[in-house]
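The residues making up each chain are set out below.
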Amino acid sequence: MVAARYNRLILAVDLGTSGCKCALVGLDGVVQKWAFRSVPLHIVDLVGAEQVPEDWWSAFVGAARELIGTLPEVGGEIAAICCSCQGECTVPVDQAGKPLHRAISWIDMRAAEVIRRRAGNRIFSVAGYGPVKLWRWINRSGGAPALSGKDPAGHMAYIQEAWPAIYDQTYKFLNALDYMNLRLSGRFVATVDSILTSWVTDNRNVDNIHYDRKLIAQSGIDREKLPEIVRCTDVLGPLCSSAAGELGLPRETPVVAGAVDNSAAAIGSGAVRDGEAHLYIGTSAWIGAHVPFKKTDVSAQIASVPCAVNGRYLAVALQSSAGSNLSFLFDKLLFPQDEFGIERPADAYSILERIAASVPPGARGLLYTPWIFGERTPVDDPSLRAGLLNMSLRHSREDVIRAVLEGVALNTRWMVTPFNRFLGKPLNQVTMVGGGATSDVWCQIFADILGIPVRQVNSPIQTNAVGAAFIGSVGIGALSYDDIPGLTNIRHTYLPDSGRKAVYDELFETFKLAYRRLAPLYRRLNLPRKVQP
């Protein structure tokens, strides 16, 4: 049963690539207040991406203190703190917990050469992997290091080879979630989902995720540099004294371990029953559904992996770029800070909605491929890049805006096709969450392109924070996961239009053809380069 004391609030944290959202969330899943602080992303060496861990913490403290100051207004008390964080970042820290370098981001591809060498075999390879290594990774962990280098397995290998002095000084390698939990609780731990893409755990028994000696040896990383593993709903302990002092909260406030973003989004979407799917559209995109089985589709880069729900796996397919295409459009093309001096209006996204709605489906023949930073699913290819195809003098920026929205949705359909095969049945609907789901026009485009109903939750941009709050509530015993579907409010359900779907069915075939024709060109243009440490 749901606890009745709704004045007990979870301080929920959603740390993404663009910044840190904090929310005061009731045990009923209703967001009382929320605040945001941005965090910069630093692009280095053309294919590298880093963030400063102290920027994460400062953004969190600023947003959290703003909310804590409103507690008298909302008449609540903080029952627990729980984080959801971007996955697949890597922070090397020393024994005092101090970062030894900026965090390597999940979109960083500098490790591609290193991880291809470590994962491969000089004599014979399967899709770039040594056959025995690949079998061991898939059999035990459910996946394998991304050959693009975009995960902690690659990051750690890159640090070991490119920056050996930093590697030698590293006490633990932490994910973004692990780093936030270290700052909150003082403990060096990883959750069952944050450690996943280090690819060193045996995940065959979902109730006993543990480090595997052979996988660690295969990674080349020293075992003592890996943190203790905990469950997402474990209470790590009370706030450490330094965090309590910075936040102005009681020292005894519990810290619940939390989850990486895709696990938290699944919970926040309300899609917690087996086979129910959620689609997250943020900087990146993914589709996920809880399942009772461990399974891997190597060719499509889809796997069911440990998650926040005890006794279940989360089947996940990830794509590198979604909302980042809109950010690029706004920041670099429509309203760049350059000599033209074009000011970005405060209601820019509302204007985009109106413009996109005014353009016919198919954007008058303009096709956009959204691979602005490579791709992962259904192909793992770091060389792919974004592009506008078939542009002519009749096209305008209105068509470009519509084409960008459609291109991201077409890319998602490309991912959904193998995802349906993975589940063993086609999706009959999907709950769309994340910043992209705030757009009514985009939700309708997704419904028309996917050909299934798209459900929009009440506060899609707050889904990860709500998911973190639900995980925190389960951790302190205030809720069970069975309560969550009944607490999820759907704002609107978008139904596919048969006429628009026919247009998009044809466009989707063109989209796939564009990949087949352009992939060799992008590989030629974007060959890996030697990078200096």
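A short tour of the structure in this document, coming up. Chains are numbered independently. Their residues run from 1 in the order of the written sequence. The predicted nature of this model means local features are confined to residues of pLDDT at least 70 and side-chain atom pairs, given and counted, to a pLDDT of 80 or more, with totals for whole chains, interfaces and linings taken over all residues. No hydrogens and no water enter the side-chain calculation; it runs on all heavy atoms of the structure.

1. Observations concerning the sheet that holds strand 24 (residues 454–457)
Rule in force here: One bridge is not enough; two strands pair if DSSP finds at least two bridges between them. In this description a helix means any DSSP run of H or I spanning at least four residues, a strand means any run of E spanning at least two, and both kinds are numbered starting from the N terminus. Throughout, a contact is declared for two residues whenever any of their heavy atoms are within 4.5 Å. Only the stretch in contact is used when fitting a helix axis, every axis being a line fitted to C-alpha atoms; angles between N-to-C directions are given from 0 to 180 degrees.
The strand order 18-19-20-17-16-23-24-25 describes an open sheet built from 8 strands, whose pairing is mixed. Strands with a single pairing partner mark the edges of an open sheet, and in this sheet they are strand 18 (296–297) and strand 25 (490–494). Direction of pairing for strand 16 (residues 277–281) relative to strand 17 (residues 285–291): antiparallel, over a ladder of 5 bridges. The partner of histidine 278 across the bridge, within strand 17, is glycine 288. Against the sheet, helix 13 (residues 397–423) contacts strand 16, strand 17, strand 18, strand 19 (302–306) and strand 20 (313–319), and its axis sits at roughly 155 degrees relative to strand 20.

2. Some points on a nonpolar patch on the surface
Definition in use: Patch membership is restricted to residues that have no salt bridge and whose relative accessible area is over 30%. Joining uses 9 Å for like charges and 5 Å for the nonpolar side chains Val, Leu, Ile, Met, Phe, Trp and Tyr. Accessible surface area values rest on a Shrake-Rupley calculation with a 1.4 Å probe, where residue burial reflects the displayed protein chains alone. One side-chain nitrogen of Lys or Arg within 4 Å of one carboxyl oxygen of Asp or Glu is enough to make a salt bridge. Each residue is placed in one exposure class: buried if its accessible area under a 1.4 Å probe, protein chains only, is under 20% of its type's maximum, exposed if it is over 50%, and partly exposed if it falls in between.
Together, Trp34, Phe36 and Ile461 make up an exposed nonpolar region whose accessible area comes to about 260 Å². Position of tryptophan 34 relative to the elements: it lies in strand 3 (residues 31–38). Judged by its relative accessible area of 40%, tryptophan 34 falls in the partly exposed class.

3. Notes on empty space enclosed by the protein
Spelled out, the test is: Here a cavity denotes grid points, spaced 1 Å and computed from the protein atoms alone, that fit a 1.4 Å probe unable to get out, and a pocket denotes an open set having protein on both sides within 12 Å along at least 5 of 7 lines; residues with an atom within 4 Å of a point are the lining. Grid points are joined across faces, edges and corners, and a volume is the space filled by probe spheres set on the points. By the convention adopted, Pro, Cys, Tyr, Trp, Phe, Met, Ile, Leu, Val and Ala count as nonpolar, Lys, Arg, Asp and Glu as charged, and the other residues, Gly among them, as polar.
Under the defined criterion, the tally for this structure stands at 3 cavities of 30 Å³ or more. By volume, the largest cavity amounts to about 620 Å³. Across the lining of the largest cavity, the residue classes break down as 18 nonpolar, 14 polar and 6 charged. Approximately 90 Å³ is the volume found for the second largest cavity. Lining the second largest cavity are Cys89, Thr90, Pro152, Met156, Phe173, Leu174, Asn175, Asp178, Ser194, Ile195, Ser198 and Leu226. Elements with a contribution of two residues or more to the lining of the second largest cavity: helix 5 (152–162) and strand 9 (172–174).

By themselves, these figures tell us nothing about what the structure is for.
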